[in-house]
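# Remarks on the overall topology
In case you want the letters, here they are:
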Amino acid sequence: MEKLTYSCFQMFPKVSIIDPCSMKSIPLELWNIAIMDMFSHALEQYLVASTSKINNSLLESLMKTIVEMSLKLSKTFPNEEVMEELIWCSSLADSLCLSRGNEESAYPIHTIEHELTARYGISHGQGIAMLMPAWLEYVYKVSKSERIISLGTTVFGVSNFDSNLCATVTIEKMREYIRALNLKSCLDSLNLSESDVEEIAQKSIDSRRNFSMESLVSEVSLEQLQVIWTSEFLGF
């Protein structure tokens, strides 16, 4: 099975009426899956190397609000006011308006996750949750970017550490947040083997016609992605 993507601006609606009252029947589990996708849309725009200072600040505020409201929803479900905030967050994260002015948009986590959904039938948001912490580890290992540090201090309240320790704690906070939404934060449950890696990596590379994989690291090659899979995602 393949998961193919298609997008163009002509598909965007002129007007959208989104009513949280009509969404109360949606189970909390599906809300959490959708929340993880919206967070990833914001995070992946945040990790683009060419983004501006104002874009970074807006995306940090958006991600912080998503974390705050999603945790509140878990405790007060179904809370109409919280749902309203999250719907607005989703509209901003998915509309691409916060990536305007960037040289390009890159969605490496999405590109890799689509192959998990196609191959194993897991939900998109759950697949994102499984990949996100390990991808952050890889990005920091390669780039040593202050963007990861800022993510920790601004979104997750990490402070008073040196850069490397701050990055480590930030990624662990990301895992804790994912688990707080009752989602899995690693790939262990899929029982993947090394023999699966080559095919999944190749399909991810092939799908770059739809989503760039270049973020704070340079464009990822097939060989690099296979190494990422074995060393970061699976820990072989």
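Structural data are supplied above this passage.
These notes cover the structure that comes with them.

Cut-offs used in this document
- Residues numbered from 1 in each chain as written.
- Predicted model: local features only at pLDDT ≥ 70, side-chain atom pairs only at ≥ 80, totals over all residues.
- Heavy atoms only, no water.
- Helix = DSSP H or I, 4+ residues; strand = E, 2+ residues; numbered from the N terminus.
- Expected span 1.5 Å × (residues − 1).
- Buried < 20%, exposed > 50% of the residue type's maximum accessible area, 1.4 Å probe, protein only.
- Arc of directions from axis to C-beta.
- Contact = heavy atoms within 4.5 Å.
- Polar contact = N/O pair within 3.5 Å; in protein donor to acceptor, adjacent residues only side chain to side chain.
- Salt bridge = Lys/Arg side-chain N within 4 Å of Asp/Glu carboxyl O.
- Patch = residues over 30% accessible without salt bridge, like charges linked within 9 Å, V, L, I, M, F, W, Y side chains within 5 Å.
- Areas by Shrake-Rupley, 256 points an atom, 1.4 Å probe, with all protein chains shown as cover.
- Axes fitted to C-alpha atoms, helices over the stretch in contact; angles between N-to-C directions.
- Left-handed = near helix turned anticlockwise from the far one by under 90°.
- Nonpolar A, V, L, I, M, F, W, Y, C, P; charged D, E, K, R; others polar.

### Section: helix H3 (residues 80-94)
The end-to-end C-alpha separation of H3 is 21 Å, in line with the 21 Å expected for 15 residues at 1.5 Å each. Considered for burial, the residues of H3 that qualify are Val 82, Met 83, Leu 86, Ile 87, Cys 89 and Ala 93. One side of H3 holds all its buried residues, which, seen down the axis, span an arc of 160 degrees. Exposed residues pointing more than 90 degrees away from the buried face of H3 are listed as Glu 81 and Trp 88. Buried-residue contacts for H3 involve helix H1 (28-46) and helix H2 (53-76). In this structure Asn 79 caps H3, since a side-chain oxygen of it lies 3.1 Å from the backbone nitrogen of Glu 81. Of the residues one or two after H3, Leu 96 is the one with positive phi, at around 70 degrees.

### A word on the pattern of salt bridges
Taken as a whole, this structure holds four salt bridges when the rule is applied. Residue Lys 24 is joined to Glu 80 by a salt bridge in which the shortest nitrogen-to-oxygen separation is 3.2 Å. You can see Lys 24 sitting in the segment before H1 and its partner Glu 80 sitting in helix H3, a full 56 residues away along the chain. Each of the salt bridges in this network shares a partner with another, and the network as a whole consists of Glu 137, Glu 172, Arg 175 and Arg 179.

### Re a nonpolar patch on the surface
Taken together, Phe 9, Met 11 and Phe 12 make up a surface patch of nonpolar side chains, about 330 Å² in accessible area. Residue position: Phe 12 is located in the segment before H1.

### Some thoughts on the packing of H2 against H3
At a minimum axis separation of 9 Å, H2 and H3 run at an interaxial angle of 145 degrees. In this structure, the crossing between H2 and H3 has a hand that is left-handed. Contacts between H2 and H3 involve Leu 62, Thr 65, Ile 66, Met 69, Ser 70, Lys 72, Leu 73 and Thr 76 on the former and, on the latter, Val 82, Met 83, Glu 85, Leu 86, Cys 89, Leu 92 and Ala 93. The residue inventory of the contact of H2 with H3, partitioned by class, reads 10 nonpolar, three polar and two charged.

### A look at the environment of Ile 148
Within the fold, Ile 148 resides in helix H6 (residues 146-155). Look at Ile 148 and you get buried, because its relative accessible area is 0%. C-alpha separation for the pair Ile 148 and Ile 171, spaced 23 residues apart in sequence, amounts to 8.7 Å. Apart from the residues lying within four places of it in its own chain, the contact partners of Ile 148 are Leu 47, Leu 136, Val 139, Tyr 140, Ala 167 and Thr 170.

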